[in-house]
Amino acid sequence: MVSSTGGRSGGHDDAALDEIDLAGELMIAATASSGDRLPTERIDEVLLDRADPGPAEREAEE
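Throughout, residues of each chain are indexed from 1 in the direction in which the sequence is written. The predicted origin of the model limits local features to residues at a pLDDT of at least 70 and limits the giving and counting of side-chain atom pairs to 80 or more, whereas totals for whole chains, interfaces and linings rest on all residues. Hydrogen atoms and water are omitted, and side-chain values are computed over all heavy atoms in the structure.

K.L.:
Whenever I open this one, the overall build of the protein confuses me. Can you help?
P.N.:
Across its full length, the protein carries three helices and zero strands. By the criteria applied, helices consist of DSSP H or I runs no shorter than four residues and strands consist of E runs no shorter than two, each listed in order from the N terminus. Going from the N terminus to the C terminus, the protein shows its helices and strands as α-α-α. Buried residues are those whose accessible area, probed at 1.4 Å on protein chains only, stays under 20% of the maximum for their type, while exposed residues exceed 50% and partly exposed ones sit between those limits. Counting all 62 residues of the protein, 13% fall into the buried class. We call two residues in contact when some of their heavy atoms are within 4.5 Å. Taking the intrachain contacts of the protein between residues at least 6 apart in sequence as the baseline, contacts between residues at least 24 apart amount to 37%.

K.L.:
Is there a simple way to think about helix 1 (residues 12-32) in this case?
P.N.:
Helix length check: helix 1 (21 residues) gives 31 Å between terminal C-alpha atoms against 30 Å at 1.5 Å per residue, within 8%. Within helix 1 the residues assigned to the buried category are Asp-14, Glu-25 and Ala-29. All buried residues of helix 1 lie within an arc of 55° about the axis, which places them on one face of the element. Opposite the packed face of helix 1, turned more than 90 degrees from it, sit the exposed residues His-12, Asp-13, Glu-19, Ile-20, Met-27 and Thr-31. For helix 1, the elements touching its buried residues are helix 2 (40-48). Helices are assigned an expected span. That span is 1.5 Å times one less than the residue count. Along the arc lie the directions from the helix axis toward the C-beta atoms.

Put into structure tokens, the structure is as follows:
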């Protein structure tokens with residue numbers, strides 16, 4: 001899943017909103033999980049599956 005913060009400007013607010021997006025994605029994954037705890041492997045999948053911004057996108061943010 002890709003973060004919805006791509007088009008905003010604002011520094012710290014972007015970081016906070018990205019953290020909120022991550023927390024939401026983890027909550028969705030936890031809800032879909034059948035166990036009492038979300039396995040570490042699934043947490044890694046959720047967190048690492050996010051698309052990293054490319055060099056052009058990083059330069060545009062600065």
